[in-house]
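Inside the fold
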Amino acid sequence: DVKVTQSSRYLVKRTGEKVFLECVQDMDHENMFWYRQDPGLGLRLIYFSYDVKMKEKGDIPEGYSVSREKKERFSLILESASTNQTSMYLCASSLRVSDEKFFGPGTRLTVL
Amino acid sequence: GENVEQHPSTLSVQEGDSAVIKCTYSDSASNYFPWYKQELGKRPQLIIDIRSNVGEKKDQRIAVTLNKTAKHFSLHITETQPEDSAVYFCAASGNDMRFGAGTRLTVKP
């Protein structure tokens with residue numbers, strides 16, 4: 001059973017803070033993804049990584065960065081959190097980029 | 001890149017009725033079309049998928065159809081039950097995967 005875990009289910013931060021969201025998968029998948037989920041907008045891709053230390057921008061990378069130092073771990077960083085980054089953040093992994101995605105439980109981030 | 005549109009955004013049916021959700025995609029290179037179900041407070045999970053060499057696939061009460069010429073695919077749920085209530089996402093994948101905006105299905109007992 002693929003397990004994708006995220007460091008927090010709920011997080012409350014203040015405007016301007018640096019925020020780290022962490023994701024770990026245990027299936028040795030090459031590819032990992034960060035999505036943002038907002039009502040009516042579906043799942044929008046922020047960044048993905050196809051290998052350690054490799055990253056590609058998704059559709060909405062502005063205001064975010066990522067880090068992948070180990071194959072199993074993919075971190076999303078908000079350098080200076082803003083209120084418009086209040087959202088549900090979902091991590092996912094897959095064997096190949098275009099394959100079935102396995103999602104983590106999500107982190108609901110509130111920026112005050 | 002790929003663009004996926006999904007309709008309707010909300011759907012309410014009586015228990016036992018059928019539900020149909022439709023998606024269109026833009027990239028003719030897309031060849032894999034999964035559907036995900038997300039129950040309230042839970043992660044999205046794959047419920048059925050179809051590849052471009054197949055026109056239809058069924059798994060018990062759910063089925064997916066694909067029309068590659070028209071670039072659209074649909075999810076059909078028959079004999080709906082209250083536990084089918086969830087948000088459903090379609091996706092289209094070629095070089096990368098893009099998701100539709102989601103359909104909130106409510107099945108009224």
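Scroll up for the structure.
Basis of the calculations
- Residues numbered from 1 in each chain as written.
- Chains lettered and ligands numbered in written order.
- Predicted model: local features only at pLDDT ≥ 70, side-chain atom pairs only at ≥ 80, totals over all residues.
- Heavy atoms only, no water.
- Helix = DSSP H or I, 4+ residues; strand = E, 2+ residues; numbered from the N terminus.
- Rg over C-alpha atoms; globule rule 2.2 N^0.38 Å.
- Buried < 20%, exposed > 50% of the residue type's maximum accessible area, 1.4 Å probe, protein only.
- Contact = heavy atoms within 4.5 Å.
- Disulfide = S-S within 2.5 Å.
- Core = buried A, V, L, I, M, F, W, Y, C linked by side-chain atoms within 4.5 Å.

**Considering the overall build of chain B**
On a plain count of helices and strands, chain B comes out with zero helices and 11 strands. Along the chain direction, N to C, the helices and strands of chain B fall in the order β-β-β-β-β-β-β-β-β-β-β. The globule rule puts the C-alpha radius of gyration for 109 residues at 13 Å, and the 13 Å found for chain B is close to it. In terms of overall dimensions, chain B has a C-alpha envelope of 40 × 25 × 20 Å along the principal axes. Here chain B, with 109 residues, has 44% of them falling under the buried criterion. Partitioning the contacts of chain B with sequence separation of at least 6, the portion at a separation of at least 24 is 52%.

**Here's the deal with the state of the cysteines**
Scanning the model with the defined rule gives two disulfides over all chains in all. Here Cys23 of chain A pairs with Cys91 of chain A through a disulfide, and the sulfurs are 1.8 Å apart. Judged by the sign of its S-S torsion, about -75°, the cystine formed by Cys23 of chain A and Cys91 of chain A is left-handed. With Cys23 of chain A in strand β3 (residues 19-25) and Cys91 of chain A in strand β9 (residues 87-94), this pair connects stretches of sequence that are 68 residues apart. Residue pairing for Cys23 of chain B: its cysteine sulfur links by disulfide to Cys90 of chain B, the two sulfurs lying 2.0 Å apart. Every disulfide takes its handedness from the sign of the S-S torsion; for Cys23 of chain B and Cys90 of chain B that torsion is -100°, giving left-handed. Within this pair, whereas Cys23 of chain B is found in strand β3 (residues 19-25), its partner Cys90 of chain B is found in strand β9 (residues 86-93), the two being separated by 67 residues in sequence. The class of Cys90 of chain B is buried, set by a relative accessible area of 0%.

**A few points about the nonpolar core**
Core analysis: the largest hydrophobic core is formed by 23 residues, its most contacted members being Trp35, Phe73 and Leu105 of chain B. Elements with a minimum of two residues in this core: β2 (10-14), β3, β4 (32-38), β5 (45-51), β7 (62-67), β8 (72-77), β9 and β11 (103-108) of chain B. Among the nonpolar cores identified, the runner-up in size contains 20 residues, and Leu21, Leu76, Leu78 and Leu109 of chain A belong to it.

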